[in-house]
Amino acid sequence: MDGPRNSHLKIVRLNTQLSIMTIPDELIIEILSRLPSKSIAICRRVSKEWESLLLTPAFTDSFLAISSAQPRILLTFKCRGKWHYCSTLQPQHLDKELSVVEADYHMRLIGGSGPESFLSVHGFTCLIDRPVLMGKNERVPGICNPCTDQHLTLPKVKANNSDLRTFFGYDPINKQFKVLCMTEHQVLTIGKGRLFWRKMKCLFLHYPERNRDGICINRILYYVARSDKTCLIASFDVRYEGFRLINMREGSKLTYISALVNFKGKLCGVVYSGSHGELWVLDDTLKPTWATDTCEIAWVISSWKNPFYVFIYNLDSKRVRRVEINEIEDN
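This report concerns the structure included in the present document. What you see is a predicted model, and the numbers here were worked out from it, not measured in a lab. Each chain carries its own residue numbering, running from 1 in the direction its sequence is written. Only residues with pLDDT of at least 70 get local features here, since the model is predicted, and only at 80 or more are side-chain atom pairs given and counted; chain-wide, interface and lining totals rely on the full set of residues. Note that water and hydrogens are dropped before the side-chain values are worked out from all heavy atoms of the structure.

1. Quick look at the overall build of the protein chain
Inference 1: A run of H or I in DSSP counts as a helix once it spans at least four residues, and a run of E counts as a strand once it spans at least two, with each numbered from the N terminus. Looking only at helices and strands, the protein chain has five helices and 26 strands in total.
Inference 2: Taken across its 331 residues, the protein chain has 40% of its residues classed as buried.
Inference 3: Contacts spanning at least 24 positions in sequence make up 43% of the contacts within the protein chain whose residues lie at least 6 apart.
Inference 4: Carbon and sulfur atoms form 54% of the exposed surface of the protein chain, whose accessible area is close to 19900 Å². Think of it in three bands: residues with accessible area under 20% of the maximum for their type are buried, residues over 50% are exposed, and the middle band is partly exposed, with areas taken using a 1.4 Å probe on protein chains only. We call two residues contacting when some pair of their heavy atoms lies within 4.5 Å. Here the Shrake-Rupley method, with its probe set to 1.4 Å, supplies the accessible areas, and only the displayed protein chains count as covering residues.

Okay, structure coming up:
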């Protein structure tokens with residue numbers, strides 16, 4: 001009895017494996033794209049074929065298209081020398097003063113001790129950390145995919161200045177990620193083959209501001225900079241690799257740009273003139289025209305507190321809402 005039963009079990013297992021292999025890649029992508037991001041990392045361990053399939057641009061596009069219907073808040077924080085990545089669904093009941101959501105924990109990375117920069121675009125993140133390499137504290141860029149629990153350390157930037165003013169962009173047409181390092185104007189294209197930094201030419205002198213993250217919208221990378229002690233916004237075309245300066249509103253007494261945000265596919269700047277703050281919306285990128293608009297701004301308190309809150313401020317109603325995020329401390 002034992003022999004036939006064991007043979008039957010082996011036949012069922014073999015047939016199951018063969019049936020999975022005969023499923024078209026397009027159908028596998030369609031099915032897996034509907035799974036939670038936490039399950040994607042587990043699916044990578046099913047087989048080498050699935051691991052390769054989940055790294056293709058086709059799966060990335062499908063997963064992002066489906067998941068965009070349910071926007072998520074990506075949270076990254078540093079605790080005890082490690083970077084932690086987690087996310088949560090964006091609250092749907094925005095009329096409530098307090099919403100409570102649970103976070104999904106994705107991955108952790110060993111970090112350094114100095115100041116870092118964290119950038120996010122198209123589901124990937126770029127982290128500029130200061131780990132100890134060969135006994136020296138050196139800032140090294142790294143690319144991370146929180147959904148698949150993958151991390152790629154980029155080549156060291158060859159520059160005399162260790163203060164890396166680095167930005168992260170994506171070209172949706174060519175499906176290419178690029179890292180722009182303004183320390184001696186270098187760019188790196190992420191793809192197959194050897195990774196290396198290429199020097200760029202910039203026809204006008206400007207310096208990116210410290211501690212100001214850039215933002216990529218429709219392949220254009222924007223960042224806050226200064227030229228002749230004037231605060232301005234510069235841009236870099238990820239596809240054609242060209243620099244431009246964005247003219248600010250005429251007659252404005254701009255003193256400070258605290259952040260750049262994406263507002264319905266348009267560039268927005270949180271701009272201050274003295275103590276007065278406004279949200280400027282860039283209506284036309286070819287002939288820059290700015291308009292004052294209203295929307296919501298989200299922020300967090302820099303230091304860790306339990307419970308952990310995301311604050312959302314409506315510029316029109318001047319109302320603040322809180323989103324309480326649970327399950328972070330347990331991870």
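2. Some words on the pairing of strand β13 (residues 186–190)
Inference 1: The buried fraction of β13 amounts to four of the five residues, a majority that puts the element mostly inside the structure.
Inference 2: Whether two strands pair depends on DSSP finding at least two bridges between them. Between strand β12 (residues 176–181) and β13, which pair antiparallel one after the other, the connecting turn spans four residues, and Glu 184 there sits at a positive phi close to 65°.
Inference 3: Where β13 lies against strand β14 (residues 198–199), two bridges are found, and the strand directions are antiparallel. Paired with Gln 186 across the two strands is Lys 199, which belongs to β14.

3. Points about the sheet that holds strand β11 (residues 166–171)
Inference 1: Pairing is antiparallel across the open sheet formed by four strands, whose spatial order is β11-β12-β13-β14. Every interior strand has two partners, whereas the edge strands, β11 and β14, have only one.
Inference 2: Pairing of β12 with β13, which is carried by five bridges, proceeds in the antiparallel orientation. Considered in β13, the bridge of Phe 177 is made with Ile 190.

4. Some details on the nonpolar core
Inference 1: Ile 143, Phe 168, Val 179 and Tyr 223 are the most contacted members of the largest nonpolar core, which has 32 residues in total.
Inference 2: Within the residue set of this core, elements represented by two or more residues are β5 (117–121), β6 (124–129), β11, β12, β13, β17 (220–227) and β18 (230–237).
Inference 3: Top element by residues in this core is β12. It accounts for four residues.
Inference 4: In this structure Ile 143 touches Phe 124, Thr 125, Cys 126, Gln 150, His 151, Leu 152, Leu 154, Phe 168, Val 179 and Ile 190, once residues within four positions along its chain are discounted. What we call a nonpolar core is a set of buried Ala, Val, Leu, Ile, Met, Phe, Trp, Tyr and Cys residues that are connected through their side-chain atoms within 4.5 Å.

5. Looking at the sheet that holds strand β2 (residues 82–89)
Inference 1: Strand order in the open sheet formed by three strands is β1-β2-β4, and the pairing between neighbours is antiparallel. Looking at strand neighbours, the two that pair on one side only are β1 (72–79) and β4 (104–110), the edges of this open sheet. Each adjacent strand pair in this sheet contributes to an overall mean axis angle of 20°, direction not counted.
Inference 2: Here β2 runs beside β4; their pairing, made up of six bridges, is antiparallel. The residue bridging Tyr 85 from the neighbouring strand is Met 107, located in β4. Inter-axis angles, ranging from 0 to 180 degrees, are taken between N-to-C directions of lines fitted to C-alpha atoms, where helices are fitted over the stretch in contact.

6. As for the packing of aromatic side chains
Inference 1: Two aromatic rings from Phe, Tyr or Trp, using only the six-membered ring of Trp, form a pair when their centres are within 6.5 Å; if the ring planes differ by under 30 degrees the pair is stacked, by over 60 it is edge-to-face, and anything between is tilted. Taken as a whole, this structure holds seven aromatic pairs when the rule is applied.
Inference 2: Measuring from centroid to centroid gives 5.0 Å for Phe 236 and Phe 243, while their planes differ by 50°, and the two rings are tilted.
Inference 3: The exposure class assigned to Phe 243 is buried, which follows from its relative accessible area of 13%.
Inference 4: Aromatic pair Tyr 309 and Phe 311: ring centres 6.1 Å apart, planes at 45°, arrangement tilted. Across the pair, exposure class does not vary: Tyr 309 and Phe 311 are buried alike.
Inference 5: A ring has a charge above it when a Lys NZ or an Arg CZ is no more than 6 Å from the ring centre and no more than 35 degrees off the ring normal. A cation over an aromatic ring shows up here: Arg 322 above the ring of Tyr 309, its NZ or CZ 4.9 Å from the ring centre.

7. Regarding a nonpolar patch on the surface
Inference 1: Taken together, the side chains of Ile 23, Leu 27 and Ile 31 define a hydrophobic patch exposed on the protein surface, amounting to about 240 Å² of accessible area.
Inference 2: Mapping Ile 23 onto the fold places it in the loop between α1 (2–21) and α2 (25–32).
Inference 3: You can call Ile 23 partly exposed: its relative accessible area is 32%. Each patch groups residues whose relative accessible area exceeds 30% and which form no salt bridge, using 9 Å between like charges and 5 Å between nonpolar side chains of Val, Leu, Ile, Met, Phe, Trp and Tyr. Salt bridges, as used here, are contacts in which a Lys or Arg side-chain nitrogen is within 4 Å of a carboxyl oxygen on Asp or Glu.

8. Looking at the side chain of Thr 60
Inference 1: By the element assignment, Thr 60 lies in helix α5 (residues 57–67).
Inference 2: Under the relative-accessibility criterion, Thr 60 is labelled buried at 17%.
Inference 3: Apart from residues lying up to four places away in sequence, Thr 60 is in contact with His 122 and Phe 124.

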